[in-house]
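Architecture and fold: a report
Take a look at the letters that make up each chain.
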Amino acid sequence: MAGADVDVGTELRLGLPGGGAEAAKAAKRGYEDTIDLKLTLPTGGVQKDSGKPEPAAEKAAADPEKPPAPKAQAVGWPPVRSYRRNAMTVQSVKIKKEEEAEKEQPAATAGGNGSAFVKVSMDGAPYLRKVDLKMYNTYKDLSIALQKMFSTFSATGNEGKMVEAVNGSDVVTTYEDKDGDWMLVGDVPWEMFVASCKRLRIMKSSEAIGLAPRAKDKYKNKS
Amino acid sequence: MSTPRSSASSPDPIPHKSVTLAPSLGMRDPEEDSDSTPSRMSEDDDCSGGGGGGGWTPDLRGGGGRWAPPDQVLEIVLESVLEFLTAARDRNAASLVCRSWYRAEAQTRRELFIGNCYAVSPRRAVERFGGVRAVVLKGKPRFADFSLVPHGWGAYVSPWFAALGPAYPRLERICLKRMTVSDDELALIPRSFPLFKELSLVCCDGFSTRGLAIIAEGCRHLRVLDLTEDYFHEEENEVVDWISKFPESNTSLESLVFDCVSVPFNFEALEALVARSPALRRLRVNDHVSIEQLRCLMARAPRLTHLGTGSFRSEPGSGGTSSVSELATSFAASRSLVCLSGFLDVNAEYLPAIYPVCANLTSLNFSFASLTAEEIIPVINHCVSLRTFWVLDTVGDEGLRAVAETCSDLRELRVFPLDATEDSEGSVSDIGLQAISEGCRKLESILYFCQRMTNAAVIAMSENCPNLVVFRLCIMGRHRPDRITGEPMDEGFGAIVMNCKKLTRLSVSGLLTDKAFAYIGKYGKLIKTLSIAFAGNSDMSLQHVFEGCTRLQKLEVRDSPFGDKGLLSGMNYFYNMRFFWMNSCRLTAKGCRDVAQQMPNLVVEVMKEHPEDEGETDTVDKLYLYRSLAGPRNDAPSFVNIL
């Protein structure tokens, strides 16, 4: 890779094998929306590697069958004019405010106010889904919902495996917490999980080896 | 180009044609994506030579005014006949017949259309065309709309205004698209053009309400002031009360569009202006206009045909709150309305107020209104005459189904995403597209943003809607395959180019291999504009396009695995095109230099990814090349390197 490329590895390349020119490095652009920095592998090792300009995502993208690994947003994509984007941003802020105002009514959905939508990605699935964590009360409920959601995509088609997601058989569910750390789902009390979870990712157990220290330890060390 | 020059003859014709003298390609592209209406000719043409109006009275020049030598008569007759040619394409062809036709055409061309402001120098253009009344100028490449062109790239209007002013004192109309215009430059308009009538600015920047005030005050015969999706960066305390600056007597205003000028303004002044503008037919206001205020305006202008409704939300003022039925009476009184837009902050409860006009509406723009299917279906059910419909994807497939069931006359559909990010939910899918294709068989133009699509739905559209001229499908997630089969979207787009024989504009997306481009090259013979993003496997894709799409004029490519080989495969075709844009692919400086060296009438601009970066790199992030008679421009900023 060109030596001049010193950008952080989280700015991932798009495109198929061949090497050469850089892809859009969105993070430095004045792109108004937030940049989604998704790590390629939530292992301690990759954290160090993130300085390299050739992230694992390129290898993932090398195989046309596999969908691209999580990546930073590309500048100006989807192609919606900034005039319209700005107008929509204002609108969606208003809509969110209205939604929250409505949910403060006692007649709102059981389970309290607000919603906790998080994105869920599964390795091998062509696109992301979203779940509202507030819709569930236990890890088991969540696990069943995820299983239903991704059953069409699971390579083995074996729905039974998903139920074991929390216990980590073929797949493992991980989440990114407020600090940006990736943790295994299931370690902390449910409410604490809902409060701190920003994003979910379902990955192969083999790839989850070496995950960041289990949550209990993390919080122990902090206090 | 080897046309011999002589001091007596006009300069070489602008080469719209290929080097092999194929028929000239029209430069106008009415399917261009903009909210602006296609440019119209001024109605005040007078015959060249100062003869009488209308009709076919040859002006007898020379001598005692009663007799002219035969060849001059022929020229005069020719000029009179050429007056009737309005399309630039036809005029370009006429100008190539011979010198005499060239001269006659040059004197009678009333609208000067410059598709790329850097393709010709202003001086050269005004030297050739003597009787111009309207000028259309386009500047930045379209991808500038998506933040891909750094600020300060160019497209300044100043050299053009400097040339147009002295050359065309009778100029009546100016349309600018993607150009930078300052307030001082706007000030030149009333000064240079005392007969000025129409100003249209689309996606422009650089000016403020101060400039608008100058136009309002200075252009006493103003008929049209259309501001569409321009960029305003004014602070609220700097805003000038431009609306008060219009003449105090009755105005000639026919069209006033300022929904993008989203700063507060003097509403009383607007109301008074509307009241004294009896010819006003198009009015589009910004989101600072409430329903109550809208009613006032509608009462003053009952003959409006096009209305931009502002916020469409109640803001109780001194007059209290308007009810839905009160608003409905306002609409019922506006019997001429055919086009509704605005709804910039809509309160859906008020939507039923528009029912009285729905049956006559031919154009409806809800694309800034976040409406659900439930909210929109009752409205759409009334809109039986709709030809143009812009909407947000919040209405879902269900909403689109309702459109399909009612709007059998629909010609243009645009479905925009509320959440324009790659991993958004996306509320419409192949299901909506399929429904539209089944219900709206006369569809000619579609822009569709979604997250889930199938080849089957696209194929269905290609079969059900053979009149498609514009097909722009944006599957927002990159490289997404058919959501059911998991296959690339090659077959879908292939069917579009195969079955839609009138297709001139195509934007592709989703997972696409070289095969898709083989189809495009093989069948897309009329395609003029092609946009490619995150697609293809290899340079073969570009080669297919260049070799196959013989009418290609505008090609935009981003983030695709194409390199120098692909670029070079276009060498024989670049002179036939207006421009070629390529960013974030695999180009190297060497490849771009090769092109620049071999093609003298091509301007090859390369840009670094980060304007602040110093030094040369081997890789090229952005390439923008275009044919030009003017040579490299002298106003390029430091981050642009012209090879």
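The model shown is predicted, which means the values in this text are computed figures rather than measured ones.

Some remarks on the overall build of chain B
In terms of helices and strands, chain B carries 20 helices and 21 strands. The 643 residues of chain B split such that 61% are buried. Within chain B, residue pairs in contact and separated by at least 24 positions form 71% of the contacts whose partners lie at least 6 positions apart. Of the roughly 23,900 Å² of accessible surface on chain B, 52% is carried by carbon and sulfur atoms.

Here's the deal with the UniProt feature "domain: Transport inhibitor response" (unreviewed entry) in chain B
Mapped onto this structure's residue numbering, the UniProt feature "domain: Transport inhibitor response" (unreviewed entry) falls at residues 132–176 of chain B. Between the first and last C-alpha atoms of residues 132–176 of chain B the distance is 16 Å; the span itself is 22% helix and 20% strand.

Thoughts on the pairing of strand S5 (residues 197–204) of chain A
Residues and elements named next belong to chain A. Among the eight residues of S5, six are classified as buried, and the element is accordingly described as predominantly covered. As judged from the four bridges shared by strand S1 (residues 117–122) and S5, these two strands associate in the parallel manner. Following the sheet pairing, Val 120 is matched in S5 by Leu 200. As defined by bridge partners, strand S3 (residues 171–177) adjoins S5 across seven bridges and the pair is classed as antiparallel. Residue pairing across strands places Val 172 opposite Met 203, the latter belonging to S5.

Overview of the packing of helix H15 (residues 455–464) of chain B against helix H16 (residues 490–499) of chain B
Two packed helices can be described by the angle between their axes and the distance between those axes. Residues and elements named next belong to chain B. Packing of H15 against H16 brings their axes to within 8 Å, and their N-to-C directions diverge by 5 degrees. As the angle between them shows, H15 and H16 are arranged roughly parallel. On H16, the residues touching Asn 455, Val 458, Ile 459, Ser 462 and Glu 463 of H15 are Asp 490, Glu 491, Gly 492, Phe 493, Ala 495, Ile 496 and Asn 499. Looking at the contact of H15 with H16 residue by residue, the classes come out as five nonpolar, four polar and three charged.

A look at helix H14 (residues 430–439) of chain B
With respect to burial, H14 of chain B is a largely interior element, seven of its ten residues being buried. The inward-facing, buried residues of H14 of chain B abut helix H13 (396–406), strand S12 (412–416), strand S13 (445–450) and H15 of chain B.

Digging into empty space enclosed by the protein
One pass over the structure, following the stated rule, counts 16 cavities of 30 Å³ or more. Reported here for the largest cavity is a volume of approximately 360 Å³. Forming the boundary of the largest cavity are 28 residues, of which Pro 79 of chain A together with Arg 142, Phe 146, Phe 449 and Arg 472 of chain B lie nearest the centre. Of all elements in the fold, only S12, S13, strand S14 (470–475), strand S16 (529–533) and strand S17 (554–558) of chain B reach the threshold of two or more residues within the lining of the largest cavity. A per-class count over the lining of the largest cavity returns 14 nonpolar, four polar and ten charged.

Comments concerning the confidence of the model for chain B
In this model, chain B carries a mean pLDDT of 88, and residues with pLDDT of at least 70 account for 88%. Prediction confidence for the complex, expressed as pTM and ipTM, is 0.72 and 0.82 respectively.

What about the side chain of Ser 531 of chain B?
Residues and elements named next belong to chain B. The residue Ser 531 is located in strand S16 in this model. In this structure Ser 531 comes out as buried when scored by relative accessible area, which is 7%. Looking at Ser 531, its side chain comes within polar contact range of the side chain of Glu 556, at 2.4 Å. Discounting chain neighbours no more than four positions away, the residues touching Ser 531 are Arg 142, Leu 506, Ser 507, Val 508 and Glu 556.

Here we look at the sheet that holds S3 of chain A
Residue and element names in this part refer to chain A. Here we have five strands laid out as an open sheet, ordered S2-S1-S5-S3-S4, and mixed in their pairing. Strand pairing shows two members of the sheet lacking a second neighbour, strand S2 (129–132) and strand S4 (182–184), which therefore form its edges. Shown here is a sheet whose adjacent strand axes are inclined to one another by a mean of 30 degrees, direction ignored. Pairing of S3 with S4, which is carried by three bridges, proceeds in the antiparallel orientation. Within S4, the position partnered with Thr 174 by the bridge is Leu 184. Seen against the sheet, helix H4 (residues 139–150) touches S1, S2, S3 and S5 and runs at an angle of roughly 155 degrees to S2.

Here's the deal with the packing of helix H8 (residues 267–275) of chain B against helix H9 (residues 291–300) of chain B
All names here are of chain B. Interhelical geometry of H8 versus H9 gives an angle of 20 degrees and a closest axis separation of 8 Å. If you check the angle between H8 and H9, you find them roughly parallel. Regarding H8 and H9, the two cross each other, and that crossing is right-handed. Facing H8, whose interface residues are Phe 267, Leu 270, Glu 271, Val 274 and Ala 275, H9 presents Gln 293, Cys 296, Leu 297 and Arg 300. For the contact of H8 with H9, the class distribution of residues is six nonpolar, one polar and two charged.

Description of the packing of aromatic side chains
Applying the stated criterion to the full structure yields 30 aromatic pairs over all chains. Residues Trp 153 of chain B and Tyr 624 of chain B carry aromatic rings whose centres are separated by 5.7 Å and whose planes lie at 65 degrees to one another, so their mutual orientation is edge-to-face. Taken as a pair, Trp 153 of chain B in the loop between strand S2 (134–138) and helix H5 (158–167) and Tyr 624 of chain B in strand S20 (residues 619–627) lie far apart in primary sequence, 471 residues in all. The same class applies to Trp 153 of chain B and to Tyr 624 of chain B, which are both buried. Aromatic side chains Phe 546 of chain B and Phe 574 of chain B sit 5.5 Å apart centroid to centroid with 90 degrees between the ring planes, which places their arrangement in the edge-to-face category. Of this pair, Phe 546 of chain B sits in helix H18 (residues 540–548) while Phe 574 of chain B sits in the loop between helix H19 (564–568) and strand S18 (579–588); the two residues are 28 residues apart in sequence, bridging distant segments of the chain. Cluster of aromatic residues (ring-pair linked, three or more members): Tyr 118, Phe 143, Phe 146, Trp 153, Phe 579, Trp 581, Tyr 624 and Tyr 626 of chain B. Above the plane of the ring of Phe 368 of chain B lies Arg 84 of chain A, whose end atom (NZ or CZ) is 4.3 Å from the centre. Over the face of the ring belonging to Tyr 118 of chain B we find Arg 633 of chain B, whose NZ or CZ atom lies 4.5 Å from the ring centre.

Describing helix H2 (residues 88–95) of chain B
Among the residues of H2 of chain B, those classed as buried are Ala 88, Arg 91, Asn 92, Ala 94 and Ser 95 of chain B. All buried residues of H2 of chain B project into a common sector of 165 degrees when viewed along the axis, lining one side.

Some words on the pattern of salt bridges
Between side chains of opposite charge, pairing is possible as soon as their charged atoms come close. Residue and element names in this part refer to chain B. Counted according to the given criterion, the structure contains 33 salt bridges over all chains. For Arg 300, the salt bridge identified is with Glu 271, shortest N-O distance 3.3 Å. Highlighted residues: Arg 300 in helix H9 and Glu 271 in helix H8, separated in sequence by 29 residues. Under the relative-accessibility criterion, Arg 300 is labelled partly exposed at 44%. The closest approach of N and O atoms between Asp 594 and Lys 590, which form a salt bridge, is 3.0 Å. With Asp 594 and Lys 590 both in helix H20 (residues 589–598) and four residues apart, the pair spans about one turn of that helix. If you follow the salt bridges from partner to partner, you end up with Arg 387, Asp 409, Arg 411, Lys 442 and Glu 444 in one network.

Structural notes on the pairing of S12 of chain B
Residue and element names in this part refer to chain B. For S12, the tally of buried residues reaches five of five residues, placing the bulk of the element in the interior. Because side chains alternate across S12, one face comprises the buried residues Glu 412, Arg 414 and Phe 416, and the other comprises Leu 413 and Val 415, equally buried. Pairing geometry for strand S11 (residues 388–392) and S12, over five bridges, is parallel. Bridged to Val 391 within S12 is Val 415. Running through H13, the crossover from S11 to the neighbouring parallel element S12 is right-handed. As judged from the four bridges shared by S12 and S13, these two strands associate in the parallel manner. Across the sheet, residue Glu 412 finds its bridge partner in S13, namely Ser 445. In this region the chain leaves S12, passes through H14 and returns to the parallel neighbour S13; the handedness of that crossover is right-handed.

What counts as what
- Residues numbered from 1 in each chain as written.
- Chains lettered and ligands numbered in written order.
- Predicted model: local features only at pLDDT ≥ 70, side-chain atom pairs only at ≥ 80, totals over all residues.
- Heavy atoms only, no water.
- Helix = DSSP H or I, 4+ residues; strand = E, 2+ residues; numbered from the N terminus.
- Buried < 20%, exposed > 50% of the residue type's maximum accessible area, 1.4 Å probe, protein only.
- Contact = heavy atoms within 4.5 Å.
- Areas by Shrake-Rupley, 256 points an atom, 1.4 Å probe, with all protein chains shown as cover.
- UniProt positions renumbered as here; feature names shortened; annotations may be inferred.
- Pairing = 2+ DSSP bridges.
- Axes fitted to C-alpha atoms, helices over the stretch in contact; angles between N-to-C directions.
- Parallel < 35°, antiparallel > 145°, perpendicular 65-115°, else oblique.
- Nonpolar A, V, L, I, M, F, W, Y, C, P; charged D, E, K, R; others polar.
- 1 Å grid on protein atoms, 1.4 Å probe; cavity = no way out; pocket = protein on both sides within 12 Å on 5 of 7 lines; lining within 4 Å.
- Points joined across faces, edges and corners; volume = space filled by probe spheres on them.
- pLDDT = per-residue confidence, 0-100.
- Polar contact = N/O pair within 3.5 Å; in protein donor to acceptor, adjacent residues only side chain to side chain.
- Left-handed = near helix turned anticlockwise from the far one by under 90°.
- Phe/Tyr/Trp six-rings, centres within 6.5 Å; stacked < 30°, edge-to-face > 60°.
- Lys NZ or Arg CZ within 6 Å of the ring centre and 35° of its normal.
- Arc of directions from axis to C-beta.
- Salt bridge = Lys/Arg side-chain N within 4 Å of Asp/Glu carboxyl O.
- Right-handed = clockwise from strand over helix to strand, strands pointing away.

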